[in-house]
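Below, each chain spelled out in residue letters.
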Amino acid sequence: MPPPCSLLCRLATLLCVWALCQAQLDTKLPPGTPIIQLRLAGDKHKHYEGRVEVYYNGEWGTVCDDDFSIHAANVVCRELGYVEAVSWSPSSKYGKGEGRIWLDNVHCSGLERTLAQCESNGFGVSDCKHSEDVGVVCSQRRIAGFKFISTLTNNVESLNVQVEDVRIRAISSQRKRVPMTEGYLEVKDGGKWRQICDLEWTEMNSRVICGMYGFPGEKRYNTKVYKKKNYWGFGVNCTGNEASLHGCKLGHKVELRGNTTCEKGLPVVVNCVPGRAFAPSHAQGFSKAYRVEQPLVRLRGGANIGEGRVEVLKNGEWGTVCDDSWNLEAATVVCRELGFGSAKEALTGGKLGQGMGPVHMNEVKCSGFEKSLTECYFNRDALGCSHEEDAAVRCNVPAMGFQNRLRLSGGRNPFEGRVEVLAEKNGSLVWGTVCSDSWGTIEATVVCRQLGLGFANNAFQETWYWSGDVSADDVVMSGVRCSGTEMTLAQCLHHGKHLDCPRGGGRFAAGVSCSETAPDLVLNAQVVEHTTYLEDRPMYILQCANEEHCLSSSAAAATSSSYRRLLRFSSQIHNNGLTDFRPRAAHNSWIWHECHRHYHSMEVFTHYDLLSLNGTKVAEGHKASFCLEDTQCEEGIEKRYECANFGQQGITVGCWDTYRHDIDCQWIDVTDVVPGDYIFQVVINPNFEVAESDYTNNVMKCRCRYDGHRIWIGMVSTTSNTWFPCV
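Reading the values: rules and limits
Residues numbered from 1 in each chain as written. Predicted model: local features only at pLDDT ≥ 70, side-chain atom pairs only at ≥ 80, totals over all residues. Heavy atoms only, no water. Helix = DSSP H or I, 4+ residues; strand = E, 2+ residues; numbered from the N terminus. Buried < 20%, exposed > 50% of the residue type's maximum accessible area, 1.4 Å probe, protein only. Contact = heavy atoms within 4.5 Å. Areas by Shrake-Rupley, 256 points an atom, 1.4 Å probe, with all protein chains shown as cover. Salt bridge = Lys/Arg side-chain N within 4 Å of Asp/Glu carboxyl O. Pairing = 2+ DSSP bridges. Axes fitted to C-alpha atoms, helices over the stretch in contact; angles between N-to-C directions. Disulfide = S-S within 2.5 Å. Core = buried A, V, L, I, M, F, W, Y, C linked by side-chain atoms within 4.5 Å. Phe/Tyr/Trp six-rings, centres within 6.5 Å; stacked < 30°, edge-to-face > 60°. Lys NZ or Arg CZ within 6 Å of the ring centre and 35° of its normal. pLDDT = per-residue confidence, 0-100.

1. Some points on the overall build of the protein chain
- A tally of regular secondary structure across the protein chain gives seven helices and 40 strands.
- Expressed as a percentage of its 727 residues, the buried residues of the protein chain come to 52%.
- The contacts of the protein chain with a sequence gap of at least 6 include a subset with a gap of at least 24, amounting to 71%.
- Approximately 34,200 Å² of the protein chain is accessible, and the part contributed by carbon and sulfur atoms is 51%.

Okay, here's the thing in C-alpha cells:
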C-alpha cells in the first residue's frame, strides 16, 4: 500500500487537471468584461477584410491604429469566426469610419477571447481621427465548430452574418446534376447544419447566395418538393450586392419552438441560373469551350477560369482599368457580366499582369446591379494611372467536379506528372493515359487549368522518369488537340472511342508540369507602326540572311548583283507577365550559326507575314531568338539578361527586348509582291514553344497599302482616308 502522502499528491494532480479542463471548457468571459460585438466594414477587396468596427453601449465605432499589432488582429479575426489574421492595415485603408472611436492604444497578447479583454485607454478615450482607423485581413478559413453568439439585446440587424460555413444541399432528385443549382440553403453554426426560415427571405438574398456559388442569376423554384427541417435562430437581410453571405446583415431573431418553428413558412430554397459556359445543353453536354457573354469586357492573364486582368473595348481598342477605387462591387459586376458569380477578390496593383495600350477607365464606382462594367460611373481622365495599377478580378465559379476526372501521377510534386484520365471502358470507369502524339503546350495549359494548378510550364511527350500507376498505363485518349480556351481536356478535339496511338502509353504517355505564374509577351504595336519602311538591298550582302531562310523562295535563283525589296521595322517585345520569359532549350543546347556568328536559343521566335485581305499569305519572314535580352526596363527594375559573352538569355518581368529595324532578318521580303491592300501580321512565340499566361496578345495586325514604291501602315478602308492603330 503506497504511503498517504503519495495518494494525496496523486489526488491533487487529478484535481488540477480537472480544474484546467473545466477552465478551458468554460466559454464565459471574466466578470466585468465589457460586452461588445465586432464587424468588418468599408471599401473591401475581399469579404474577409475591412475596417474594424466595434458595437458598444448601443453605438457602432472604430478602433485607432496606434499600437495595434498582428496579435490584436488575430483576436479580432477569431472573434469573428476566422482561424487567424493574415495582416492589418493602418491609416483608414478601408475608408474613414463614422461616429465614436471606441478603442485606442490597444495592446493584445493574442490569447484574448475578445478585443474587450485587451489593454487600451478605455472605451471612448482616444486622441485619434478617423484617418487612423485600423483594418484587418483575416484568413479565409473559418473556425471549426464556431457558434455565433449575439450579445445585443436589440439592433441585431446591424451585425454581419457570422457562421462557420454555408452550403446548398440538393434534394435527392437533384444530387447528380452538375452543376448543382437548386437546393436547401443551410448554414453551419456550432458544428450543426441549420436551415433558414423563408418568411423574410428575398430575391436579393438568393442573388447573393447564387453569386457565392458561381452563378450570375437566380429564379423561382417548385415549393411542393420541399419540407420543414431544422432551423437557424436568425433571418438574413442582404441588399443584393454583397459578395457573400458573410457580407449580409442578420435579420430578425427566429423563435425556436421545435416543430412549430417557422410555422407559417418553409426552409429557404435557392434556384440558381448558371452562366452560358456552365449550362448543360441536351446536344453536347457542357459548352465546348469557355466564351464570354459580352464582347465589351474580357479577362486576360489569369491562370484559371473566372480570373484575370480586366480589359474593356472602346473605339475598337482594348484597354485596361485603373485600380483607383476598385472594389468588390465593381469586380462583381464584371464577374456577373461574364457569366460567373460574384467576385471572390478585387485585385489591384497589376497582380495578374500588366496590360498594354490605353487605360480606358479610372475611379470606377458601381452599385453592383449594373449589367455591364461600362454602365458604371467612372472618371474618363486616367491621368497618372499606369499599367502597374491595372485592376483584376477572381470570380466565384460553379463546382463542376472537373478535378475528379483528371490527375497527375508520379511527379516529384503535385504540380507535375504523367497525365491520367478517368474514362469509360467496357461499361466501367478506369484510369488511363493520354497519347503524346501532337501533345504540346496548349494541351498542357488545359490540363493545368482543369486541375486548378495555374499555367502550363512544360508539355512532355515522354514520361518514363515518372513512375505512374501501372494499372493506368493503357491509353484511353488520343489525338488530343486543344484551342487553349477549353475548361477540360475532354472538351478538346480527340479521337473518341477509336483510339490511334502507335507509340502506346506507358513511358510515351503525355505529361505536364504546371506553375502558378507565367510570362506574358506583348508586342508594342506603335513601335512597329512608326518604324516601318521599304529598303532595296543588294543580294551580295544578304548571303547570311539567305542561309537562315529570311528571304522569299525566289531569292535562291537571284544573282549577287540583284536587289531584294525589304519591308523593315523594329519590334519591341514586353514581358508583362509574372515571371521571366526564358528559352525552353537549355543553355548548352543552343544552335550556333557560323555565318552570323551567334547562337539561336529559339529557332523560331517570331513570324512576320504579309497577307491578302482574305487571309492568304503572300510574303513571309521569321526571326530566330539569337539574342533575347533586357534592352530596357521600367523604372526600378534591374536588367537580368544580356547576350554578350554567351550570357543567359531571357526577358525580365517589366522589361522589353528591342529588335531594331537595321539588323538582319528583321523584315519581310516583298520583292515579288504586287501593289495592293494587305494585312501586315507579326506573331510572337508562334509555335507556343514557351508557355505564357496569354497567347491572344501575341498577334499584331495592321492594314497596309503598297503602291509599288511606298507603303502605308494602318489604313482601314480603300475608299476613304480613315486610319486606325495596329492591333
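Read on, since the account is not over.
2. A look at the pattern of salt bridges
- Under the criterion given, the structure shown has 32 salt bridges.
- Linking E186 and R169 is a salt bridge whose minimum nitrogen-to-oxygen distance equals 2.9 Å. Of the two residues, E186 sits in strand β8 (residues 182–189) while R169 sits in strand β7 (residues 165–169), which places them 17 residues apart along the sequence.
- Looking at R169, the relative accessible area reads 23%, which means it is partly exposed.
- K617 is paired through a salt bridge with E620; the nearest N and O atoms lie 3.4 Å apart.
- Taken together, the shared-partner salt bridges connect K46, E49, E307, E345 and R394 into one network.

3. Some thoughts on the sheet that holds strand β40 (residues 711–713)
- Across the sheet, five strands lie side by side as β34-β33-β38-β39-β40; this open sheet has antiparallel pairing. The open sheet terminates on both sides in strands that have one partner only, identified here as β34 (617–623) and β40. Strand after strand, the sheet turns through a mean of 25° between neighbouring axes, direction not considered.
- Here strand β38 (residues 676–684) runs beside strand β39 (residues 699–706); their pairing, made up of eight bridges, is antiparallel.

4. A short note on the state of the cysteines
- Enumeration over the complete set of coordinates arrives at 14 disulfides.
- Covalent S-S linkage joins C238 and C248, the inter-sulfur distance amounting to 2.1 Å. Of note, the bridge from C238 to C248 carries an S-S torsion of about 105° and is right-handed in sense. Of this pair, C238 sits in the loop between β11 (234–237) and β12 (249–253) while C248 is found in the loop between β11 and β12, placing the two residues 10 residues apart along the sequence. The pair formed by C238 and C248 is uniform in burial state, with each residue classed as buried.

5. Section: unusual backbone geometry
- Positive phi outside glycine occurs at S92, with the angle close to 50°.
- Mapped onto the elements, S92 comes out in the loop between β4 (85–89) and β5 (100–103).
- Positive phi, close to 50°, is recorded for N685, a residue that is not glycine.
- Summarising the element assignment, N685 is placed in the loop between β38 and β39.

6. Observations regarding the environment of G349
- Within the secondary structure, G349 sits in the loop between β17 (343–347) and β18 (359–365).
- C-alpha of G349 to C-alpha of A391: the two residues are 42 residues apart in sequence and 6.7 Å apart in space.
- Filtering out sequence-adjacent residues up to four positions away, G349 remains in contact with D323, E388, E389 and D390.

7. A few points about the pairing of strand β16 (residues 317–321)
- Inspection of the sheet shows strand β15 (residues 307–314) paired to β16 by four bridges, in the antiparallel sense. Its bridge partner lying in β16, V312 is registered against G319.
- Connecting the antiparallel pair β15 and β16 is a turn made up of two residues, with N315 showing a positive phi of about 55°.
- Pairing geometry for β16 and β18, over two bridges, is parallel. Along β18, the bridge assignment pairs T320 with V359.

8. Some thoughts on helix α3 (residues 203–212)
- Across the 10 residues of α3, eight count as buried, placing the element largely inside the fold.
- Within the sequence span of α3, burial applies to N205, S206, R207, V208, I209, C210, G211 and M212.
- The secondary structure elements touched by the buried residues of α3 are β7, β8, β10 (217–218), β11, β13 (269–273) and α4 (328–337).

9. Here we look at the sheet that holds strand β29 (residues 563–568)
- Strands sit in the order β28-β29-β37 across an open sheet of three strands; the sheet is antiparallel. Only two strands of the sheet have a single partner each, and these edge strands are β28 (533–538) and β37 (667–669). Pairs of neighbouring strands in the sheet enclose a mean axial angle of 35°, with direction left out of account.
- The sheet contact formed by β28 and β29 spans six bridges and is antiparallel. From the neighbouring strand, P538 faces β29, where its bridge partner is Y563.

10. Focus on the nonpolar core
- Counting residues in hydrophobic clusters, the biggest one holds 32 residues, and the most contacted among them are V310, V321, W326, V334, V364, L373 and V393.
- Contributing elements (two or more residues each) for this core: β14 (297–300), β15, α4, β17, β18 and β20 (392–395).
- Residue contributions to this core peak at six residues, all from α4.
- Beyond its immediate sequence surroundings of up to four residues, V334 is in contact with V297, L299, V310, W326, L373 and V393.
- Among the nonpolar cores identified, the runner-up in size contains 30 residues, and I573, F581, A619 and Y659 belong to it.

11. Quick look at the pairing of β14
- Burial of β14 is two-sided: the residues V297 and L299 facing one way and the residues R298 and R300 facing the other way are all buried.
- Sheet topology places β14 next to β15; four bridges connect them, and they run antiparallel. Looking at the pairing, V297 lines up with V312 of β15.
- Here β14 folds back onto β15 in antiparallel fashion, the turn holding six residues, of which G301 has a positive phi close to 85°.

12. Thoughts on the packing of aromatic side chains
- Scanning the model with the defined rule gives 16 aromatic pairs in all.
- Ring pairs connect the aromatic residues F460, W464, Y465 and W466, which therefore count as one cluster.
- Over the face of the ring belonging to F146 we find R142, whose NZ or CZ atom lies 5.5 Å from the ring centre.
- One Lys or Arg, R407, reaches over the ring of W431 and ends 4.1 Å from the middle of that ring.

13. Section: the side chain of E443
- Relative to the helices and strands, E443 is located in helix α5 (residues 441–450).
- If we ignore the near neighbours within four places in the chain, the residues touching E443 are S438, V480, R481, C482 and L489.

14. Focus: the confidence of the model for the protein chain
- Summary statistics for the protein chain give a mean pLDDT of 85 and a share of 88% for residues scoring 70 or more.
- Here residues 1–5 scores under 50 on pLDDT; set against residues more than four positions off or in separate chains, the count is zero contacts.
- Below pLDDT 50 for its whole length, residues 715–721 participates in 15 contacts with residues either more than four positions away or in separate chains.

15. As for α4
- Here α4 lies mainly inside the structure; nine of its 10 residues are buried.
- Listed as buried for α4 are L328, A330, A331, T332, V333, V334, C335, R336 and E337.
- With its phi angle positive at about 90°, G339 sits one or two positions after the end of α4.

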